[in-house]
Amino acid sequence: MQAPQRAARRVMRFGVFEVDLHARELRKRGIKIGLQQQPLRVLALLLEHAGEVVTREDLRQAIWPAGTFVEFDVGLDAAIHKLRAALDDSAESPRFVETLPRRGYRFIAAVDGVAQPLEESPPKRKVLVWAGGLAVAAALLLALDHGGLHDRLRGRPPSATPPSIAVLPLTNLGTDASDASLADGMTEELIGILARLGQVRVIASTSVFGFKGRPIDVRRIADSLRVSHILEGGFRRVGSRLRLQVRLVDARDGSTRWAATYDREMKDVFATQDELAGAVARELEVRLEGRTGSNLLRHRTRNIEAYELYLRGHDLTLHFTDSGLRAGLEYFNQAIALDSTFAAAYAGAARGYALLGWSGNPGFSLGELRTRAEAAVRKALALDDSLAEAHAALGVILMLWRGDPTSAEAEARRALALNPAEPRVHEQLAHIALLTGRPTDVLAEARLGLEADPLSPTAITMVARALYRNGRCNEALAQLQPVAGLRPPVRWAVLTAGLCFAEQRRWPEAIAALRQGGETGGVHGRTMLGFVLAQSGQRQEARQILAELLARQQRSGNLASDVAIVHAGLGDFDGAFTWLNRAADEGPALATTPLLEEIMGPAFRDLRRDPRFERVRKRLGLSR
């Protein structure tokens, strides 16, 4: 009969040392080394979380009795000193225990074995298993521990999901304020390069630029953006040289995983920028994925002035305001005048012209807007068919001006394949789903956009619009809370809130929100106010708004759909369909008003039940 097997021993090995946690012994090459219980327990906890920062507070809570604050500081320092002496280690050149001043300690050597904290009578528990020799790289199984210590150390449980990263705006460390635009441009390039790695979730610029000029709290920023890594740094231009300092931070514990300084000549700033961005991308790629990348860089322009003009135009057109679109177009056209081969500037102009029809006051005829938009997107694609922004702009044109949602969606998805971290493409796909009456797809795409750009007011608002479209008004109103206090208000945030309140028959709140939307959103805000006033029984003011719209329609056109919407609010469906058909007769009806999306929403359910709706829907390009 075989003798019973001995219980498995919990042994951790590193270098020439091993720790037997069951016997509570430290051995060097098999020879026992005397070590007191307190430093041995510190060692066990550090081994359990090898590669991670264990703060002084975590050590106090896990090992020292409650209330021993004064004795703890002296006791921990003594324990670390004794532990280093036993391991032949030093604070100045650590091989095993690294000190992070004012924070805590980290075990930095590779560990082989299974760790479990020392206790007088160790209870049964899950244990932390490390791949042999790769303890710092990855945990295969995660442990339960003292009061959730592991969660406190890592901030979140690890998972098999791809790594995620936020590139914080590079700081201009020089004295020339004009270099700030160059710093922003470098940040944009790094975001784009990392996004093209494909397997790394990269936060879009709209969210990260919200942290520009603010104190950096890595853990807080990481929690806000829900990322595992942060890249931060700064640059300084001195004479003919450029210095870029960057570091990759593990957001779970705030530790620096990689850092570098690059010094280059400024003879060609864009060549320098490409080289720096490529080097950073390769380093991050290795650290985060171990992939071997190909060509990650895409040159935009060699004209620094054109590039800065493009950046200004890009920023202005993100929020879809009338003045922003027009000013953005001015910047794009100035950039094109300086560099006629600047594909991204042509793509920006194409998108600006395509969206300007929605403003209600475009300053161009619809025919001229369409001609300019199509000419610009053709030029952009001719210059660079791999440019995501150009395919996204073509998708906008196909949807709004051609009434071809199937081709529009195909172009948007191609843009997304070229740049997976472009949240505005997800918003674009959500808009296509809105227009074609697919509420489930609206919500799915809107949430993907928000994941890529979690602090973007437009992305937050798009999710709220999707929730409203799915009949979930309470959730939509809760979703809008982060943007409720912004000044000026976000146009579609207040309009969506107004429609949600109207859906819940909360008329005073609906009217108050839409009055604010009218101030922010111009003519289309007035249109939705007229619709809700009519629905709430305040028909006289609704008719006054209808008269305003008719007068503007007579002067400049483009508002046939708006007129139809107020007729629908008044219950005059004959008038509504007359004006919807007139909008279709005028040509690219979708380009005249974004409010056609709302016809597919809950507020217009009665209009959609009319047999005439399917016919006019096809004419308006609302069918897929």
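Quantities reported herein were computed from a predicted structural model and do not represent experimental measurements.

A word on the side chain of Asp453
Next up, step 1: Within the secondary structure, Asp453 sits in the loop between helix 16 (439–452) and helix 17 (457–469).
Next up, step 2: Put simply, Asp453 is tucked away with no salt bridge, and the nearest opposite charge, on Arg424, sits 4.3 Å away.
Next up, step 3: Setting aside anything within four residues of it in sequence, one finds Asp453 in contact with Ala204, Thr206, Ser207, Pro423, Arg424 and Ala459.

As for helix 17
Next up, step 1: The first and last C-alpha atoms of helix 17 sit 18 Å apart over 13 residues, in line with the 18 Å expected at 1.5 Å per residue.
Next up, step 2: Within helix 17, 13 of the 13 residues are buried, which leaves the element mostly enclosed by the surrounding structure.
Next up, step 3: In the stretch just after helix 17, Gly471 is the one whose phi turns positive, near 75 degrees.

Considering the packing of helix 23 (residues 560–569) against helix 24 (residues 573–585)
Next up, step 1: Here helix 23 crosses helix 24 at 170 degrees, and the two axes come no closer than 8 Å. Taken together, helix 23 and helix 24 sit at an angle that is classed as roughly antiparallel. Here the hand of the crossing between helix 23 and helix 24 comes out left-handed. Judged by residue contacts, Ala560, Ser561, Val563, Ala564, His567 and Ala568 of helix 23 engage Phe573, Gly575, Ala576, Trp579, Leu580, Arg582 and Ala583 from helix 24.
Next up, step 2: When its residues are assigned to classes, the contact of helix 23 with helix 24 shows nine nonpolar, three polar and one charged.

Side note on helix 11 (residues 343–356)
Next up, step 1: The end-to-end C-alpha separation of helix 11 is 20 Å, in line with the 20 Å expected for 14 residues at 1.5 Å each.
Next up, step 2: Burial analysis of helix 11 places 14 of its 14 residues in the buried class, the great majority of the element.

A closer look at the sheet that holds strand 7 (residues 104–107)
Next up, step 1: Strand order in this open sheet of three strands is 5-7-6, and the pairing throughout is antiparallel. Edge positions in the sheet fall to strand 5 (54–55) and strand 6 (97–100), since each has one partner strand and no second.
Next up, step 2: The sheet contact formed by strand 5 and strand 7 spans two bridges and is antiparallel. From the neighbouring strand, Thr55 faces strand 7, where its bridge partner is Gly104.

Brief notes about the pairing of strand 14 (residues 229–238)
Consecutive side chains along a regular strand alternate between the two faces of the sheet.
Next up, step 1: Across three bridges, strand 11 (residues 164–167) lies against strand 14 in parallel orientation. Residue pairing for strand 14: Ile165 is matched across the bridge by His229.
Next up, step 2: Alignment of strand 14 against strand 15 (residues 241–250), held across ten bridges, turns out to be antiparallel. Bridged to Glu232 within strand 15 is Arg247.
Next up, step 3: A loop of two residues connects strand 14 with strand 15, the two strands running antiparallel in sequence, and Gly239 in this loop sits at a positive phi of about 60 degrees.

Here we look at the packing of aromatic side chains
Next up, step 1: Counted under the stated rule, the structure contains nine aromatic pairs.
Next up, step 2: Centroid distance Phe17 to Phe96: 5.7 Å. Interplanar angle 85 degrees. Geometry classified as edge-to-face. Of the two residues, Phe17 sits in strand 2 (residues 17–20) while Phe96 sits in the loop between helix 3 (69–87) and strand 6, which places them 79 residues apart along the sequence.
Next up, step 3: The exposure class of Phe17 is buried, given its relative accessible area of 3%.
Next up, step 4: Assessed through its relative accessible area of 5%, Phe96 is described here as buried.
Next up, step 5: Through a chain of ring-to-ring contacts, the aromatic side chains of Phe14, Phe17, Phe96 and Phe107 assemble into a single cluster.

Regarding the environment of Ala347
Next up, step 1: For Ala347, the location among the structural elements is in helix 11.
Next up, step 2: Residues Ala347 and Ala392 lie 45 residues apart in sequence; the distance between their C-alpha atoms is 8.5 Å.
Next up, step 3: Residues within four places of Ala347 in sequence aside, it is in contact with Ala380, Leu387, Glu389, Ala390 and Ala393.

Side note on the nonpolar core
Next up, step 1: Met528 and Leu580 are the most contacted members of the largest nonpolar core, which has 111 residues in total.
Next up, step 2: Of all the elements, helix 11 adds the most residues to this core, at eleven residues.
Next up, step 3: Contact partners of Met528, with chain neighbours within four places excluded, come to Leu495, Leu499, Leu514, Ile565, Leu595 and Phe604.
Next up, step 4: Counting 35 residues, the second-largest nonpolar core is a separate cluster that includes Val202, Leu231, Val246 and Ala260.

Looking at the confidence of the model for the protein
Next up, step 1: Summing up the model confidence of the protein, the mean pLDDT is 78 and the portion of residues at 70 or higher is 78%.
Next up, step 2: Below a pLDDT of 50 lies the segment residues 1–9, which in the model reaches three contacts outside its immediate sequence neighbourhood of four places, other chains included.

Describing the pattern of salt bridges
Next up, step 1: Tallying each qualifying case throughout the model produces 28 salt bridges.
Next up, step 2: With a shortest N-O distance of 2.8 Å, Arg472 and Glu475 are connected by a salt bridge.
Next up, step 3: The partly exposed category is assigned to Arg472, whose relative accessible area is 29%.
Next up, step 4: Note that Glu509 and Arg506 form a salt bridge whose closest N and O atoms lie 2.8 Å from each other.
Next up, step 5: Each of Arg13, Glu18, Asp20, Glu25 and Arg27 takes part in one network of salt bridges that share partners.

About the cut-offs
Residues numbered from 1 in each chain as written. Predicted model: local features only at pLDDT ≥ 70, side-chain atom pairs only at ≥ 80, totals over all residues. Heavy atoms only, no water. Helix = DSSP H or I, 4+ residues; strand = E, 2+ residues; numbered from the N terminus. Buried < 20%, exposed > 50% of the residue type's maximum accessible area, 1.4 Å probe, protein only. Lys, Arg positive; Asp, Glu negative; His and termini not counted. Salt bridge = Lys/Arg side-chain N within 4 Å of Asp/Glu carboxyl O. Contact = heavy atoms within 4.5 Å. Expected span 1.5 Å × (residues − 1). Axes fitted to C-alpha atoms, helices over the stretch in contact; angles between N-to-C directions. Parallel < 35°, antiparallel > 145°, perpendicular 65-115°, else oblique. Left-handed = near helix turned anticlockwise from the far one by under 90°. Nonpolar A, V, L, I, M, F, W, Y, C, P; charged D, E, K, R; others polar. Pairing = 2+ DSSP bridges. Phe/Tyr/Trp six-rings, centres within 6.5 Å; stacked < 30°, edge-to-face > 60°. Core = buried A, V, L, I, M, F, W, Y, C linked by side-chain atoms within 4.5 Å. pLDDT = per-residue confidence, 0-100.

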